[in-house]
Amino acid sequence: QVQLVESGGGLVQPGGSLRLTCVASGSNFRPSFYTMGWYRQAPGKQRELVATITWSGSINYADSMKGRFTISRDDAKNTMYLQMNSPIPEDTAVYYCNARNVFAQEYWGRGTQVTVSS
């Protein structure tokens with residue numbers, strides 16, 4: 001079993017910055033087996049991809065996040081980050097951490113709320 005815990009959400013002003021953190025734990029967690037990712041869900045909308053990062057560092061961003069958000073991971077700490085720069089009100093959502101392994105097993109965190117407002 002794998003547990004994912006997000007932190008770092010909160011209220012941020014448009015044009016500000018925020019860093020989200022996801023810490024993975026569990027006896028079955030081996031960083032090299034997992035692609036990690038951030039997803040988000042706004043009220044009344046479906047969950048959508050923000051970005052993913054493989055164990056080898058290959059990154060994929062949703063088009064609307066490119067140039068504003070940066071995903072990274074520190075496998076020595078079993079930790080993944082999402083640096084959010086210049087957020088806009090449309091970025092308001094619950095942000096979820098995801099881990100998917102080579103056997104197609106998938107795990108989710110409980111989410112952290114991000115609110116972009118002046």
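Above this note sits the structure.
Residues numbered from 1 in each chain as written. Predicted model: local features only at pLDDT ≥ 70, side-chain atom pairs only at ≥ 80, totals over all residues. Heavy atoms only, no water.

J.: Mind laying out the state of the cysteines, listing which residues take part and the relevant values?
T.: Applying the stated criterion across every chain yields a total of one disulfide. Two residues, Cys22 and Cys97, share a disulfide whose sulfurs are 2.0 Å apart. Here Cys22 and Cys97 share a disulfide; its torsion about the S-S bond, -70°, makes the bridge left-handed. Of this pair, Cys22 sits in strand β3 (residues 17-25) while Cys97 sits in strand β9 (residues 93-101), and the two are 75 residues apart along the sequence. The burial state of Cys22 is the same as that of Cys97; both residues are buried. (Disulfide = S-S within 2.5 Å. Helix = DSSP H or I, 4+ residues; strand = E, 2+ residues; numbered from the N terminus. Buried < 20%, exposed > 50% of the residue type's maximum accessible area, 1.4 Å probe, protein only.)

J.: Can you explain the environment of Pro14? Please cite residues and give values.
T.: Here Pro14 is to be found in the loop between β2 (10-12) and β3. Residues Pro14 and Ser117, spaced 103 residues apart in sequence, show a C-alpha to C-alpha distance of 6.1 Å. Ignoring anything within four residues of it in the chain, the contact list for Pro14 reads Pro87, Pro89, Val116, Ser117 and Ser118. (Contact = heavy atoms within 4.5 Å.)

J.: Requested: an account of the sheet that holds strand β7 (residues 69-74), with residues and values cited.
T.: Overall, antiparallel pairing links the four strands, which are arranged β1-β3-β8-β7 in an open sheet. Of all strands in the sheet, those with a lone pairing partner are β1 (3-7) and β7, marking the two edges. Between one strand and the next, the sheet's axes are offset by a mean angle of 15°, whatever the strand orientation. (Pairing = 2+ DSSP bridges. Axes fitted to C-alpha atoms, helices over the stretch in contact; angles between N-to-C directions.)

J.: Break down a nonpolar patch on the surface for me, with residues and values.
T.: A grouping of Phe33, Val102 and Phe103 is seen on the molecular surface, where their side chains present a nonpolar patch of about 340 Å² in accessible area. For Phe33, the location among the structural elements is in the loop between β3 and β4 (34-41). Assessed through its relative accessible area of 39%, Phe33 is described here as partly exposed. (Patch = residues over 30% accessible without salt bridge, like charges linked within 9 Å, V, L, I, M, F, W, Y side chains within 5 Å. Areas by Shrake-Rupley, 256 points an atom, 1.4 Å probe, with all protein chains shown as cover. Salt bridge = Lys/Arg side-chain N within 4 Å of Asp/Glu carboxyl O.)

J.: Any details on the nonpolar core? Residues and values, ideally.
T.: If you look at the biggest cluster of nonpolar residues, it comprises 30 residues, and the most contacted ones within it are Leu4, Met36, Trp38, Leu82 and Tyr95. Breaking this core down by element, the ones donating at least two residues are β3, β4, β5 (48-53), β7, β8 (79-85), β9 and β11 (112-116). Leave out the neighbours within four places in its chain, and Tyr95 touches Glu6, Leu20, Trp38, Tyr39, Arg40, Val50, Phe69, Leu82, Met84, Gly111, Thr112 and Val114. (Core = buried A, V, L, I, M, F, W, Y, C linked by side-chain atoms within 4.5 Å.)

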